[in-house]
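# Examination of the molecular architecture
The residues making up each chain are set out below.
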Amino acid sequence: MKEKIGVAVITCNRQEYFDRCLESLSDCSIDHLAVVNDGKPYKNQEYLSSRLIQHEINKGVAVSKNDGLKHLIDNG
């Protein structure tokens, strides 16, 4: 069985850094990417719709990390 690589990116009100992070990941061999936004929605984030978890209110880094991990586990 081939091992899969999953990455969960946690972000909160730092779109410039988030965009740079996604750009740096584009060259990586990642099987699944999950994004947890714990802040205000970013412009043009509809391209993330299938892998985006958008919190309605700030829940903090621990909950965000757990949400990202749960999403990765649920998606194999």
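Residues numbered from 1 in each chain as written. Predicted model: local features only at pLDDT ≥ 70, side-chain atom pairs only at ≥ 80, totals over all residues. Heavy atoms only, no water.

This part is about the packing of aromatic side chains. Enumeration according to the criterion identifies one aromatic pair in this entry. When the centroid spacing of 5.3 Å and the interplanar angle of 40° are considered together, the rings of Phe18 and Tyr42 count as tilted. Taken together, the residues span a long stretch of sequence, with Phe18 in helix H1 (residues 15–25) and Tyr42 in the loop between strand S2 (32–37) and strand S3 (52–54) at a distance of 24 residues. Taken individually, Phe18 and Tyr42 each receive the classification buried, so the pair is uniform in this respect. (Phe/Tyr/Trp six-rings, centres within 6.5 Å; stacked < 30°, edge-to-face > 60°. Helix = DSSP H or I, 4+ residues; strand = E, 2+ residues; numbered from the N terminus. Buried < 20%, exposed > 50% of the residue type's maximum accessible area, 1.4 Å probe, protein only.)

Time to look at unusual backbone geometry. Apart from glycine, the bulk of residues carry a negative phi angle, and the bulk of peptide bonds sit in the trans form. Even without a glycine there, the phi angle at Asn13 is positive, about 55°. Counting through the fold element by element, Asn13 comes out in the loop between strand S1 (6–11) and H1. A relative accessible area of 37% places Asn13 in the partly exposed class.

This paragraph deals with the sheet that holds S1. The three strands lie next to each other as S1-S2-S3, forming an open sheet whose pairing is parallel. Looking along the sheet, the strands with just one partner apiece sit at the ends: S1 and S3. Direction aside, neighbouring strands of the sheet carry axes that sit 15° apart on average. Examined bridge by bridge, S2 and S3 share three bridges and lie parallel to one another. The partner of Val35 across the bridge, within S3, is Leu52. Set on the sheet, H1 makes contact with S1 and S2; between it and S1 the angle comes to about 165°. Running over the sheet, helix H2 (residues 61–74) touches S1, S2 and S3 and is turned about 150° from S2. (Pairing = 2+ DSSP bridges. Axes fitted to C-alpha atoms, helices over the stretch in contact; angles between N-to-C directions. Contact = heavy atoms within 4.5 Å.)

These values are about where atoms sit, not about what they do.
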